[in-house]
Each structure stands twice: as C-alpha cells, then as structure tokens.
Amino acid sequence: MNPRSVVRQALERVESGFDAAFGARLNPLYQLGALGWFFYWIVAVSGLYLYVFFDTGIERAYASVEYMTHEQWYAAGVMRSLHRYASDALVVVVLLHLAREFVLDRYRGARWFPWFVGTPILWLIYASGISGYWVVWDKLAQYVAVATAEWLDALPIFGEPIARNFLHESVLSGRFFTLMVFIHIAVPLILLLVMWIHISRHTHARSNPPKALAIGSLAALVVLALAYPAVSQGPANLNEVPAVVSLDWFYLPLYPLFDRYSGLALWGLVGGVTLLLALLPWLPPKRVSAAATVHLDNCNGCGRCEADCPYSAITMVLRTDGAPFSQQAQVDDGRCVRCGICTGACPTATPYRRRSELVAGIELPQLSMQSLRDGTVAAVEKLRGDTKVIVYACDSAAARGLENDHTAVVNVPCVGHLPPALLDFTLTRRHADGVLLAGCRRGDCAFRLGIDWTEQRLAGLRDPYLRKRVPRERIHCVWAGFDGRAVLLREAAAFTERLRSLGSFKPGERGPAGAPAGTMVEN
Amino acid sequence: MLRILRGSAQALAYAAFVAFIGYFSASPSYTHTDPDKALIRLSFSHAGAPVRPCRRLTQEELAQLAPNMRKPMDCPRERLALLVEVTLDGQLLHRGSLPPSGLRGDGSSTAYERFTVDAGRHSLGVRMRDTPRESGFDHQREWQIDLKPRQSVMIDFRSETGGFKLL
Ligand code: HEM
Ligand code: SF4
Ligand code: SF4
C-alpha cells in the first residue's frame, strides 16, 4: 500500500470512532469546513459587539479592553473570550480540513479550485489574527507589533522602518495603530469574500454545521470563556522590553523563529511553503479520463443532471439541434470530476430501451450505460447457486476480494452513478436476487452528494425514482468506506442469508409497506 | 445505556477540544529576551552628503544642453553611504555601512539594530560619518547610563535638533 493509503486508513479509523460517538450526520470531522464557517460567524458577531466598546486610539485602547474584560465580564468579557477562542478554533478546524482534503486526495484534477483558493485564505486568517493581537496594545501587542514590523522591514519595500513607529513613546505613531485597527476589520471582510469564492463551485455546500453540532460547539466555547476568560498581559510600555510573553500558539507559532533566523530567511520559508501549497494540485497532476459527455439525441432538456451535479459542472443552455425542447445540458470539462452522478439522474439512462444501442443523455465516456448494463449481465452470468448478489462498489469502497461463486462486483466511480432503472432491471429481470451498494462512509461521500441522492432516489424522494414494483428488501446499502472491508464482508454475508430466505424474485412481490431502501450501516 | 455512553463520549470530545484551545491560546509562555538584560536599539533615518560637491558648468558644457535644461550648477543626486559605529564601555558593539535608499541611491540611509546588553552602568557611544572624509566622524555622542533589567532605550538621530539623542 502506498503511504497515502496507510494514512487514509488511519484517518478513517479515527473518524469511525467519532461516528460511534456522534453518529455519521454529526461527526465533526465530516463538518470541518462547515465548522470553519460557523467559527467565522462567532468571531464576526463577537467582534462587532467588542467594537462598540473599543477605543480605536492608542492611548485609550488598552483601558477600553480592560473595562470590557473586568467591569463588563459577563457580556463584553465573554464576547472577548469567544472572539479569541473561536478564532483559535477556526485555525484548528481549517488546518485539519486542509490535511483531510489532502489525505483523501480531494484537491487535484477539477478539484484544484477550492484548494488553490484555500492558500490565500490561510494568509488572510493569519493576518486577521495577528492584527487582532496588535490592537489590544498590551505587552503581547507590543511584542507582536515590533516583531511583525521588524519582519516586514526585512523586505526592501518600505522606506522608513515600520518598527520605528513602535520603539519609543516619542516616536510612537497613533496613526499607524489606527491603521492596524482598520486592517483588523478589513482583512476579515476580505476573508469572508474569499471563503465564499472557495465554495462557489460546490452546489449545496456545507457551510452550516448541523444544528446539534453548532449548539454543542458554541456551548463548549462559552463554558471555556467563563471558566478561563481571555485577559491582557499588562499595558504596553515602550521603555521596557516585554521579555516574557504568553503566546497564542495557533496564530503566533512562527514568532519564536524571528529571534533565531533572519527576516529574509523566514520570508523565504513562508513564501516557499505558500507556493508549494498553492501548486500542490499539480504535483503531480491527476491523470483524468474524459469528462461527462452530453448525447443530444437522448437529452430532453429536463435539467435533472444540472440539479444533481455536486460541482456545478452542468448548465442548461438554449437548444442547438432543433429538437422540440427548449434546453439542453452542457458540461464544463474543467469543473467535471467524473463522478457520473449526472448519468444516475438522467431519465434516459434506462436499460429497458428497445434501441439496439443504449445511450443516455449524459454519460461518462469511459463507462457508458451500455457497458455498465452489459458488464452487469456478464458478471452475474458467471455466478452459480440460486442466490445471486451483485455488488456495485464505488472507488472508495473496500470491495476487494468480495467476489465468490454467488457474488459479483461491478465497479462504478460513485454509487450516485447508478440510475435506479438499472437496479430495477437487474432485479425484476432476475439477473440477480439482490443488489448491494457499497459506498463511502455515510456522511462523507467522496463526491459529496452521491450517497444522499442515491438514498433519496431509492426512497422515492428525488427524481428519478426507483419504481414501486422493485422489492426494497432486495437492495442493501453499506456505507463503510475505504477502511470498511470487515463491515462489508459481514454485511454481504448477512444480506445473502436474508435473500436466501426470500427465495427468488416473483413479479408482484412486495416488501413490508414503506420499508426503507436498504439498511444503512452506521459503524 | 448506549445513549449515555455516546453522550459522555461527545461531552469528552467537546471538553478535549476546548481544553486544547484554551491551553495553547496563551501557554506555554515564551521568553524572547533574557529578563535580566536590557535592550539598546539604534534606529534613525538620515541622508548622507552628496557623493561630490556641486560644480559650476563651463560655457561650452552649458551650450551643449537643451535650452530648458540649462542650469549653471551640476549637483549630483546620489548620496554617500553612512558609516556608523556603536561602542559599549569602549568596546565596539557594531560597525556598519548604511547605503542610501532609492533606485538611484538618492534617498536617506536607514539604521535599525538591536543589542541585548547586561543591565547596570555603562558608557554608551555612537558615532557617524556622513561626509566624504577619509577618517574621523562628523557626529558623535557618549552617554553614561544605568540600565535596569528589561529597560529599553533607543538611540535616535535628528540633524535638525543637533544629532544623536538617547531616548
Ligand atoms: C476559512 C477557511 C475555510 C473554510 C471555512 C472552508 C470551508 C469549506 C467548505 C464549506 C467546503 C465544502 C464542503 C462540502 O460541502 O462538501 C470546502 C471544500 C474544500 N476545501 Fe475548504 N475551507 C477553508 C479553507 C480551506 C483551505 C485552507 C484549503 C486548502 C488549502 C481548503 C481546501 C478545500 C478543498 C480541496 C475542498 C473541496 C473538497 C471536495 O471537493 O469535496 N479549504 N471548504
Ligand atoms: S460526472 Fe456529471 S455529475 Fe459528476 S461532476 Fe461531471 S458533470 Fe457533474
Ligand atoms: S438529465 Fe439527461 S435528459 Fe435531462 S437535461 Fe440532463 S442529459 Fe438531458
């Protein structure tokens, strides 16, 4: 196994632990981006409150923060603590989010965009946080001001050293301080804009965590704020060196390096890491197959593919071929991640069609509907015994070695690639006695929406529906992911047992009324 | 039972998260200068003399210039680099040549240095050459100081107010 697979397996193990405690829907590790947004909003709202009482002049800034912290500890004081701790939490979840997208290889190919935009986000987060520590004008602020200014002065851009503004009372620049206050408000606003660009290519982006997770996180931060309030470190005094300071290690971890290495060396380090990070999606580039392709002869312009595509790769445009429909689908190759979810959504992707050639309105050229149907039929033909199971396994499922004399495996990029009509066809034409869908872990579909759309299609909540005549107890979903081999083997064996007791499919057979589409496995 | 177990596991996860954040948001503390020492900074901006004195142009030279460019004096814009030395108790602490800023070398030179020194009594000296002379200095000062631990002083230079000052 390559190193990334090992790390990925370890990550999924940790996440399974969180699944056990929180359930897949509330697992915080699946919601890191959404938590980032949530912490951002806490910082914004608490910051707005603090601004009401904050004095933006350098003479009174410190006293105004002291007033908030001590006189008004129950309101402004709590807000101050929330402002600091939510900023720290933002750094933590964003760094985890970044590492996670990297380990799961969700940053290359057409997914370069959010990653690339993420790089300036890091700079903006740090600029916001560092300027925040500056405006308190306590001893830490004094240290941060001089060290930051010295670091900026290492670049041969500024005529007069900026550090000079913070060296002595007689040269202290109130105007520069007020500029910092302005920066501390402007940079977070720019951050918000870039965060919005970051998720602009995701449809239904998870920018709000589930309510229970939001309430839990906010409550935990409030408890921290009350138990351990954020305080200042004594007023800045330019006649004295703030020799020992309490650092915020989330925002200021590089500052100790300023005392050991030259400013230019650190610029080189930080610039190099930034550049590497920004270019990572192309180091090496992902080898990709062709993007989804529209076959106009079979496209009726219904727009379902556009509604289901998780990456806004499809737009409906004016009809070009004179067919009696007003619109047609059009794919932006640069955004398409080759998940095939659009094919699963297309009403013309039906294996029943009498045409000699089976072509859907939108298809992945490397896995056409025709080859998927033929592959299914060929795979089950090799099976023996009277209980035949076909497993459709997505690329992230651990379906290796699942095949045996009565179980066949067909690979698809995502379970969302499967049109419900194909499952209908497989079962009611008695190619197989049961269909097992093996996907990512619930709550963390590699293509974001594949599991959700599949469940809704099977449950008759989203077009295209699985027809009522298909017995639901013959379809079983296992959302166990890359590390879920044991679960998958166990579930497949149990499913086969259940099928055996059902016997073979008889037309008109009905499962228990309203039975859910398969069982979800939450491990 | 399972609900209680899950609830406790969640509470534990939240607690661990905020404990981690609370701790590293202000600890461990960092000592960036020895608290028993004092700090001397040298910081100023000052333009050195022009690299050569101004020169009166000859009639022939003037005639060669375009009519709107004819000025009787030719003054170079480039400045000399400054030479600065700082001494502490007679020992040389720092010696540096400060080039002028600007692409044409016509701006001020800027000094910025920091020295961590023992607290206590010292004689602190500073001198600078800003003219084309070969030896010696144009500005110098010496102070007797008694530095407390963590005290921070700054050597400034303002030509308008008579040269070096200790702030
Ligand atoms: C303020 C900081 C950030 C916030 C609030 C944030 C939020 C989000 C959200 C909400 C999503 C969509 C998740 C979904 O709906 O499936 C996302 C996706 C993504 N983010 Fe971030 N993000 C931040 C910073 C970063 C950084 C710094 C990087 C990397 C350099 C990054 C890399 C990615 C990638 C690669 C995706 C795409 C995942 C996919 O295609 O499934 N993000 N982010
Ligand atoms: S394969 Fe289809 S659904 Fe998936 S990204 Fe491409 S166009 Fe969108
Ligand atoms: S779902 Fe199929 S028929 Fe509908 S617009 Fe998309 S390609 Fe055309």
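Residues numbered from 1 in each chain as written. Chains lettered and ligands numbered in written order. Predicted model: local features only at pLDDT ≥ 70, side-chain atom pairs only at ≥ 80, totals over all residues. Heavy atoms only, no water.

Helix and strand counts for chain B come out as two helices and 11 strands. Mapped in sequence order, the helices and strands of chain B form the string α-β-β-β-α-β-β-β-β-β-β-β-β. In summary, chain B has a C-alpha radius of gyration of 29 Å against a globular reference of 15 Å for 167 residues, an excess of more than 25%. Projecting the C-alpha coordinates of chain B onto the three principal axes gives extents of approximately 105 × 50 × 25 Å. By residue count, 39% of the 167 residues in chain B fall in the buried class. Contacts spanning at least 24 positions in sequence make up 61% of the contacts within chain B whose residues lie at least 6 apart. Of the roughly 9,900 Å² of accessible surface on chain B, a fraction of 53% belongs to carbon and sulfur atoms. (Helix = DSSP H or I, 4+ residues; strand = E, 2+ residues; numbered from the N terminus. Rg over C-alpha atoms; globule rule 2.2 N^0.38 Å. Buried < 20%, exposed > 50% of the residue type's maximum accessible area, 1.4 Å probe, protein only. Contact = heavy atoms within 4.5 Å. Areas by Shrake-Rupley, 256 points an atom, 1.4 Å probe, with all protein chains shown as cover.)

Our focus in this paragraph is the sheet that holds strand β8 (residues 120-129) of chain B. All names here are of chain B. Across the sheet, four strands lie side by side as β6-β5-β8-β9; this open sheet has antiparallel pairing. Among the strands making up the open sheet, the edge pair consists of β6 (91-98) and β9 (139-147). For this sheet the average axis-to-axis angle between neighbouring strands, irrespective of direction, equals 15 degrees. Where strand β5 (residues 82-88) meets β8, six bridges bridge the pair, whose relative direction is antiparallel. Note on β8: the bridge partner recorded for glutamate 85 is arginine 127. (Pairing = 2+ DSSP bridges. Axes fitted to C-alpha atoms, helices over the stretch in contact; angles between N-to-C directions.)

Taken residue by residue, the interface counts 36 residues in chain B and 50 residues in chain A. Taking both sides of the interface into account, the surface hidden between chain B and chain A amounts to around 3,700 Å²; carbon and sulfur atoms contribute 62%. Among the residues of chain B in contact with chain A, Tyr14, Tyr30 and His32 of chain B are the three that bury the most area, contributing 20% of the side total. In this assembly, chain B and chain A are joined by three salt bridges. Across the chain B-chain A interface, the total number found is 18 residue pairs in polar contact (both at pLDDT 80 or more). Per-element tally for the side of chain B that touches chain A: the top contributor is helix α1 (residues 2-24) of chain B, with 11 residues. With three bridges connecting them, strand β1 (residues 244-246) of chain A and strand β1 (residues 29-31) of chain B associate as antiparallel partners. In the sheet register, valine 245 of chain A faces β1 of chain B, and the bridge partner there is tyrosine 30 of chain B. (Buried area = accessible area lost by both parts, 1.4 Å probe. Salt bridge = Lys/Arg side-chain N within 4 Å of Asp/Glu carboxyl O. Polar contact = N/O pair within 3.5 Å; in protein donor to acceptor, adjacent residues only side chain to side chain.)

Residue and element names in this part refer to chain A. The iron atom of ligand 1 binds to the protein through His97 (NE2) and His198 (NE2); the donor distances cover 1.9 to 2.0 Å. Taken together, the six donor atoms coordinating the iron atom of ligand 1 span angles of 86 to 179 degrees at the metal, a pattern that classifies the geometry as octahedral. Taken as a pair, histidine 97 in helix α4 (residues 73-103) and histidine 198 in helix α7 (residues 174-198) lie far apart in primary sequence, 101 residues in all. Given a relative accessible area of 22%, histidine 97 falls into the partly exposed group. Of the residues examined, histidine 198 reaches a relative accessible area of 16% and is grouped as buried. (Donors = N, O, S within 2.8 Å, 3.2 Å for Na, K, Ca; no water. Tetrahedral: all angles 85-135°; square planar, octahedral: opposite > 155°, others 65-115°.)

Attention shifts here to the domain arrangement of chain B. When its domains are assigned, chain B resolves into domain 1 (1-30) and domain 2 (33-51 + 78-166). Taken over C-alpha atoms, the centre of domain 1 of chain B sits 52 Å from the centre of domain 2 of chain B. (Domains from an automatic or database assignment.)

So, on to the domain arrangement of chain A. Accessible area lost upon the coming together of the parts serves often as the stated size of an interface. Residues and elements named next belong to chain A. Domain annotation of chain A identifies domain 1 (31-238 + 245-279) and domain 2 (360-522). Summarising the inter-unit geometry, the C-alpha centres of domain 1 and domain 2 are found 47 Å apart. Taken residue by residue, the interface counts nine residues in domain 1 and nine residues in domain 2. Across the interface of domain 1 and domain 2, roughly 670 Å² is buried in total on both sides, 32% from carbon and sulfur atoms. Of all residues in domain 1, Arg106, Arg111 and His204 bury the most surface against domain 2, accounting for 51% of the area lost on that side. Across the contact surface, domain 1 and domain 2 share two salt bridges. For the pair domain 1 and domain 2, the number of links is five residue pairs in polar contact (both at pLDDT 80 or more). Class assignment for the residues of the side of domain 1 that touches domain 2 results in two nonpolar, three polar and four charged. (Nonpolar A, V, L, I, M, F, W, Y, C, P; charged D, E, K, R; others polar.)

Moving on to the site of ligand 1. Residues and elements named next belong to chain A. In the vicinity of ligand 1, 23 residues are found, and the nearest of them are His97, Arg111, His198, Arg206 and Arg448. Here a nitrogen atom of ligand 1 and a side-chain polar atom of histidine 97 are 2.7 Å apart. Note that an oxygen atom of ligand 1 is positioned 3.4 Å from one of the side-chain N or O atoms of histidine 202. For ligand 1, the cavity whose grid points lie within 2 Å of the majority of its atoms is the largest cavity. Put simply, the parts of the chain that give the shell around ligand 1 at least two residues each are α2 (32-53), α4, α5 (112-134) and α7. In terms of residue count, the dominant contributor to the shell around ligand 1 is α5 (six residues). (Near = heavy atom within 4 Å. 1 Å grid on protein atoms, 1.4 Å probe; cavity = no way out; pocket = protein on both sides within 12 Å on 5 of 7 lines; lining within 4 Å. Sits in = over half its atoms within 2 Å of the grid points.)

Residues and elements named next belong to chain A. Relative orientation of the contacting elements α4 and α5 amounts to 160 degrees, with a least axis distance of 11 Å. Classed by the angle they form, the pair α4 and α5 counts as roughly antiparallel. Crossing handedness for the pair α4 and α5: left-handed. Residue-level inspection shows Arg84, Leu90, Val91, Val94, Leu95, Leu98, Glu101 and Phe102 of α4 in contact with α5, the latter providing Trp115, Leu122, Ile125, Tyr126 and Tyr133. (Parallel < 35°, antiparallel > 145°, perpendicular 65-115°, else oblique. Left-handed = near helix turned anticlockwise from the far one by under 90°.)

The next thing to look at is the packing of aromatic side chains. Summed over the entire model, instances satisfying the criterion amount to 34 aromatic pairs over all chains. Each ring, one from tryptophan 112 of chain A and one from phenylalanine 113 of chain A, has its centre 5.6 Å from the other, and the planes form 85 degrees; the classification is edge-to-face. The exposure class of phenylalanine 113 of chain A is buried, given its relative accessible area of 13%. Both rings, one in phenylalanine 157 of chain B and one in phenylalanine 164 of chain B, keep their centres 4.9 Å apart while their planes meet at 65 degrees; by these two values the pair is edge-to-face. Comparing phenylalanine 157 of chain B with phenylalanine 164 of chain B shows no difference in burial state: the two are buried. Within the aromatic cluster, the residues linked to one another by ring pairs are Tyr143, Trp151, Tyr255, Phe258 and Trp267 of chain A together with Tyr30 of chain B. (Phe/Tyr/Trp six-rings, centres within 6.5 Å; stacked < 30°, edge-to-face > 60°.)

Next up on the list: the sheet that holds strand β2 (residues 37-46) of chain B. All names here are of chain B. On the basis of which strands lie adjacent, the open sheet formed by four strands has the order β7-β2-β10-β11 and mixed pairing. Of all the strands in the sheet, just β7 (109-118) and β11 (163-166) have a single pairing partner and so form its edges. On average, adjacent strands in this sheet sit at an angle of 15 degrees to one another, irrespective of strand direction. Of the pairings in the sheet, the one linking strand β10 (residues 152-158) to β11 comprises four bridges and is antiparallel in character. Residue pairing for β11: isoleucine 155 is matched across the bridge by leucine 166.

Disulfide: a covalent bond connecting the sulfur atoms of a pair of cysteines. Evaluation of the coordinates by the stated rule reveals one disulfide over all chains. Two residues share a disulfide in this structure: cysteine 54 of chain B and cysteine 75 of chain B, whose sulfurs sit 2.1 Å from each other. Residues cysteine 54 of chain B and cysteine 75 of chain B share a disulfide whose torsion about the S-S bond is about 115 degrees; that sign makes it right-handed. Here cysteine 54 of chain B is found in the loop between β2 and β3 (55-56), whereas its partner cysteine 75 of chain B is found in the loop between β4 (73-74) and β5, with 21 residues between them in sequence. Between cysteine 445 of chain A, a cysteine without a disulfide, and cysteine 414 of chain A, which holds the nearest cysteine sulfur, the sulfur-to-sulfur distance is 4.4 Å. (Disulfide = S-S within 2.5 Å.)

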